[in-house]
Amino acid sequence: MKIAEALIERADLQKRIHQLQDRIQLNARSQENEAPSEDPLDLMAELDQIFARMDDLVPRIHHSNSAARLDARRTLTDALAHREILDLRLTQYRSAIAAASSAQARQTRSELRWVSHLPVRELQAQTDTLAQERRKLETEIQQANWQHDLLE
């Protein structure tokens, strides 16, 4: 199995966990003399089976990411960490740009005028560069996920 296949399975398991949580909540209680539409204990048992599979799968994904190399200097784990930092930077830059460039509605000339203290154009150019770097990195990560096998 490739790392990418394991990641797809993990995502499916996470969706099933959320669905089961919803079903358990819907069936955890019922009116007196009414039966729930599903047995919540059966749902809990199914949830435990999914958690057991996740407990096997997730460590294998992490070990595989640590062993897989994107190039001579970076592991897949290094790339994932860098992607996380890029995401944080992009979020903050976009937030700063939005705050600095928000439109101002003045009814009269006597109202205070707001002035931006950030170089929006330069920040937008940096944001575009970061977004391009993130897209390139994402492509490299996805390629590596399909090239490397999941470790046992």
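Procedures and definitions
Residues numbered from 1 in each chain as written. Predicted model: local features only at pLDDT ≥ 70, side-chain atom pairs only at ≥ 80, totals over all residues. Heavy atoms only, no water. Helix = DSSP H or I, 4+ residues; strand = E, 2+ residues; numbered from the N terminus. Expected span 1.5 Å × (residues − 1). Buried < 20%, exposed > 50% of the residue type's maximum accessible area, 1.4 Å probe, protein only. Contact = heavy atoms within 4.5 Å. Polar contact = N/O pair within 3.5 Å; in protein donor to acceptor, adjacent residues only side chain to side chain.

Caption draft 1: Region of the structure containing helix H2 (residues 40–67). Counted at 1.5 Å a residue, the expected span for H2 with its 28 residues is 40 Å, and the 40 Å between its end C-alpha atoms agrees. Along H2, the positions that sit buried rather than exposed are Pro40, Leu43, Leu47, Ile50, Met54, Leu57, Arg60, Ile61, Ser64 and Asn65. On its buried face, H2 sits against helix H1 (3–27), helix H3 (76–100) and helix H4 (120–147). N-cap assignment for H2: the residue whose side-chain oxygen lies 2.9 Å from the backbone N of Leu41 is Asp39.

Caption draft 2: Expanded view of the side chain of Ser64. Relative to the assigned elements, Ser64 resides in helix H2. Judged by relative accessible area, Ser64 falls into the buried class, the value being 2%. Here Leu151 takes part through its backbone nitrogen, which lies 2.7 Å from a polar atom of the side chain of Ser64. Setting aside anything within four residues of it in sequence, one finds Ser64 in contact with Ile3, Asp149, Leu150 and Leu151.

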